[in-house]
Amino acid sequence: MTEDRRGTFRRNAFTFGALLLARGEVGCLVWDANETGAQIEVEDDQPVPDRFPLRLTAGGDPRPATVAWRRSRRIGIAFEG
């Protein structure tokens, strides 16, 4: 079994979010989230930098995020601050 190193429980979100990148917004699927981080999924051809602002819901305020891990199209992020 895989060890869960998050430290806090993540609620299932299954919503659409957006990475705010220099080239524009890139849509993503938010699998789960909490106050400290989230698991997102992007399309195969989307390069994702190590740091970026993430909007978890349409119209929501963006939060600065750092990539914690990558597995194919899924990315674990930690919120900064």
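For the structure, check the block above.
What you see is a predicted model, and the numbers here were worked out from it, not measured in a lab.

Rules used in this analysis
Residues numbered from 1 in each chain as written. Predicted model: local features only at pLDDT ≥ 70, side-chain atom pairs only at ≥ 80, totals over all residues. Heavy atoms only, no water. Helix = DSSP H or I, 4+ residues; strand = E, 2+ residues; numbered from the N terminus. Buried < 20%, exposed > 50% of the residue type's maximum accessible area, 1.4 Å probe, protein only. Contact = heavy atoms within 4.5 Å. Areas by Shrake-Rupley, 256 points an atom, 1.4 Å probe, with all protein chains shown as cover. Phe/Tyr/Trp six-rings, centres within 6.5 Å; stacked < 30°, edge-to-face > 60°. Lys NZ or Arg CZ within 6 Å of the ring centre and 35° of its normal. Pairing = 2+ DSSP bridges. Salt bridge = Lys/Arg side-chain N within 4 Å of Asp/Glu carboxyl O. Core = buried A, V, L, I, M, F, W, Y, C linked by side-chain atoms within 4.5 Å.

Draft legend 1. Inspection of the overall build of the chain at higher detail. From N to C terminus, the chain includes zero helices and six strands. From first element to last, N terminus to C terminus, the chain shows the α and β order β-β-β-β-β-β. In the chain, buried positions account for 36% of the 81 residues. For the chain, the share of sequence-separated contacts (at least 6 apart) that also reach a separation of at least 24 residues comes to 41%. When the accessible surface of the chain is totalled, it reaches about 5500 Å², and 51% of it is carbon and sulfur.

Draft legend 2. Structural context of the packing of aromatic side chains. One pass over the structure, following the stated rule, counts one aromatic pair. Taking the ring centre of Phe79 as reference, the NZ or CZ of Arg63 above it sits at 3.9 Å. One residue, Arg71, lies across the ring of Trp69, its end atom 4.3 Å from the ring centre.

Draft legend 3. Layout of the pairing of strand S2 (residues 24–33). Looking at chain direction, S2 and strand S3 (residues 37–41) are connected through four bridges and run antiparallel. The partner of Asp32 across the bridge, within S3, is Gln39. Between S2 and S3, which pair antiparallel one after the other, the connecting turn spans three residues.

Draft legend 4. Seen up close, the pattern of salt bridges. For the coordinates displayed, the defined rule picks out five salt bridges. Glu41 is the salt-bridge partner of Arg73, the closest N and O atoms lying 2.4 Å from each other. Of the two residues, Arg73 is situated in the loop between strand S5 (63–71) and strand S6 (74–79) and Glu41 in strand S3; the sequence distance between them amounts to 32 residues. Residue classification places Arg73 among the partly exposed residues on the basis of a relative accessible area of 34%. Salt-bridge contacts for Arg70 lead to Asp50; the nearest nitrogen and oxygen are separated by 2.8 Å. With Arg70 in strand S5 and Asp50 in the loop between S3 and strand S4 (51–55), this residue pair connects regions lying 20 residues apart in the sequence. For Asp50, a relative accessible area of 52% puts it in the exposed group. Members of the salt-bridge network, linked through shared partners, are Glu41, Arg73 and Arg74.

Draft legend 5. The nonpolar core, seen in detail. Within the largest apolar cluster, 18 residues are counted, with the highest numbers of intra-cluster contacts made by Leu19, Ile40, Phe52, Leu54 and Ile77. Those elements giving two or more residues to this core turn out to be strand S1 (11–21), S2, S3, S4, S5 and S6. Take this core: its biggest share by element is four residues, from S2.

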